[in-house]
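# Geometric and topological summary
The lines below spell out each chain.
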Amino acid sequence: MSINIQRNQKKRVVIVGGGLGGLRLAEDLYGSGMQVVLIDKNNFHQFPPLIYQIASAGIDPSSISFPFRQIFRKRKDFYFRMAEARMVDTEKKILQTSIGKIDYDYLVLAAGATTNFFGNKNIEEWAIPMKTVPEAMGLRNALLSNFERALTCATEEERQELLNIVIVGGGATGVEIAGALSEMKRYVIPYDYPDMDFSLMHIYLIEAGDRLLAGMSQDSSRKAYDFLKSMGVDVQFGKMVTDYRDHKVIMKDGTEIPTRTFLWVSGIRANAMPGISDDHQGRGFRFKVDQFNRIPGLDGVFAIGDQCLQTTDAAYPNGHPQVAQVAIQQAKNLAKNLKRINEGQDDSALTAFKYNNLG
Ligand SMILES: Cc1cc2nc3c(=O)[nH]c(=O)nc-3n(C[C@H](O)[C@H](O)[C@H](O)COP(=O)(O)OP(=O)(O)OC[C@H]3O[C@@H](n4cnc5c(N)ncnc54)[C@H](O)[C@@H]3O)c2cc1C
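Cut-offs applied
Residues numbered from 1 in each chain as written. Predicted model: local features only at pLDDT ≥ 70, side-chain atom pairs only at ≥ 80, totals over all residues. Heavy atoms only, no water. Axes fitted to C-alpha atoms, helices over the stretch in contact; angles between N-to-C directions. Helix = DSSP H or I, 4+ residues; strand = E, 2+ residues; numbered from the N terminus. Parallel < 35°, antiparallel > 145°, perpendicular 65-115°, else oblique. Left-handed = near helix turned anticlockwise from the far one by under 90°. Contact = heavy atoms within 4.5 Å. Nonpolar A, V, L, I, M, F, W, Y, C, P; charged D, E, K, R; others polar. Core = buried A, V, L, I, M, F, W, Y, C linked by side-chain atoms within 4.5 Å. Buried < 20%, exposed > 50% of the residue type's maximum accessible area, 1.4 Å probe, protein only. Domains from an automatic or database assignment. Pairing = 2+ DSSP bridges. Near = heavy atom within 4 Å. Polar contact = N/O pair within 3.5 Å; in protein donor to acceptor, adjacent residues only side chain to side chain. Areas by Shrake-Rupley, 256 points an atom, 1.4 Å probe, with all protein chains shown as cover.

## Description of the packing of helix α1 (residues 20-28) against helix α10 (residues 324-342)
- The interhelical angle for the contact between α1 and α10, taken along N-to-C directions, is 30°, at an axis separation of 8 Å. Our classification of the angle between α1 and α10 gives roughly parallel. Of the two elements, α1 crosses α10, and the hand of that crossing is right-handed. From α1, Leu 20, Gly 21, Arg 24, Leu 25 and Asp 28 reach across to α10, where they touch Ala 324, Ala 327, Ile 328, Ala 331, Lys 332, Leu 334, Ala 335 and Lys 339.
- Grouping the constituent residues of the contact of α1 with α10 by class yields eight nonpolar, one polar and four charged.

## So, the nonpolar core
- Of all hydrophobic cores here, the largest spans 39 residues; its most connected members are Met 130, Phe 147, Ile 167, Ile 177 and Leu 205.
- Split by domain, this core shows at least three residues from each of two domains, domain 1 (12-115 + 268-349) and domain 2 (123-264).
- Once residues lying within four places of it in the same chain are set aside, the contact partners of Ile 167 are Gly 174, Ile 177, Ala 178, Leu 181, Ile 203, Tyr 204, Leu 205, Ile 206, Leu 263 and Val 265.
- Of all hydrophobic cores here, the second largest spans 24 residues; its members include Ile 5, Ala 83, Met 273 and Ile 295.

## Points about the packing of helix α7 (residues 172-187) against helix α9 (residues 218-230)
- Two numbers describe how α7 lies on α9: the axes approach to 10 Å, and their chain directions differ by 25°. Taken together, the axes of α7 and α9 are roughly parallel relative to one another. Pair α7 / α9 crosses with left-handed handedness. Residues Val 175, Ala 178, Gly 179, Glu 183 and Arg 186 of α7 form the contact with α9, whose own contacting residues are Ala 224, Phe 227, Leu 228 and Ser 230.
- Its residues placed into classes, the contact of α7 with α9 shows five nonpolar, two polar and two charged.

## A closer look at the sheet that holds strand β16 (residues 256-258)
- The antiparallel open sheet is built from three strands, whose spatial order is β14-β15-β16. Two strands close off the open sheet at either side, each with one partner strand: β14 (241-245) and β16. The average angle at which neighbouring strand axes cross in this sheet is 20°, direction not considered.
- Bridge analysis of β14 against strand β15 (residues 248-251) gives four bridges, and the strand direction is antiparallel. When the bridges of β15 are listed, Val 241 appears paired with Met 251.

## Thoughts on the site of the ligand
- Around the ligand, a shell composed of 29 residues is seen, among which Gly 21, Asp 40, Ala 85, Asp 306 and Ala 324 lie nearest.
- At 3.2 Å, a backbone N or O of Lys 41 approaches a nitrogen atom of the ligand.
- Backbone polar atom of Gln 322 to an oxygen atom of the ligand: 3.1 Å apart, as the coordinates give it.
- Considering the ligand on its own, with 1,000 Å² of exposed area, one finds that the protein chains cover 86% of that surface.

Below, the structure is given as structure tokens:
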């Protein structure tokens, strides 16, 4: 198998990941005078902020998934390849992928982040994560088949297991999915499953800290809590989930909740790139970058979005939040800088990244 892209006289930029950052970068490099190669393990771009709506059957996957080939129709000097980036040789400037090798002049890592199970293999095996469209569809299928089985199962104990939903992690995703499922319980289940006793459906949101949305203001935390309580969600603080066994979520304090629907949205870690040593990683396994999103010490290698950690922005000394606008704004800034680098301009011509928090 070969990646099958001819080199021409132009410099080549290889972008790993067509998420919110990689897609914007590829768009903005159009007409840059460079050959742009976008590599993604899927052949569609997904819009994560609405993934929870797929899980609760509020929207269809096609509403937030967009084929790359449709987005980039009729682009000159642009190539898309569906492949998984597996390793990079930063000395030889070669990226190894699932469909072969490709050499680059500039490599941009924009592969985002994945669910962090903090090394707990049992939880990783049993919990449902919610980072991607296929994972959200998995949750939707699990929920709907549990509801069907709850109508016909033999014992009350099993029925309760099938109707309990446990969500671990009170960040934005946990709050969103708890809210969406509580709306489903109130507005959909009574009509779609008229013979089900939906008062048995319990939604638990488990958070180790003492408030929801810890990265946001106290006011946002309180409003989120008040809303979820009003919707009947059982929000529990100060609880550490340590295991899942025999259809039970087990906490450090010994308490247990029986459930067949165990969602883990308790943290993320940046996707790895074998070939780049651990020395280049910071908090959350993110690649440390300078103010121009370059990975220092690696010639022509950049990282943007969730995969990078940039501490040069004075307002964000511990790095930016891993949110959509950071990825998009870094991509826009990097596109401008790459064009200048490609024209032979030096660092004094480059613009340092500064995050504009849109709220
Ligand atoms: C459920 C959920 C809800 C969210 N809600 C919000 C919100 O409301 N507001 C907000 O601002 N942010 C939200 N975020 C965060 C936001 O989506 C991310 O910060 C943003 O997508 C980061 O962009 P990125 O380009 O760095 O990575 P991503 O958008 O995650 O893109 C990474 C891309 O890389 C590809 N990829 C990964 N590994 C490889 C590989 N080895 N080879 C090839 N391709 C690879 C993936 O297929 C993907 O297309 C949410 C995230 C999730 C998961």
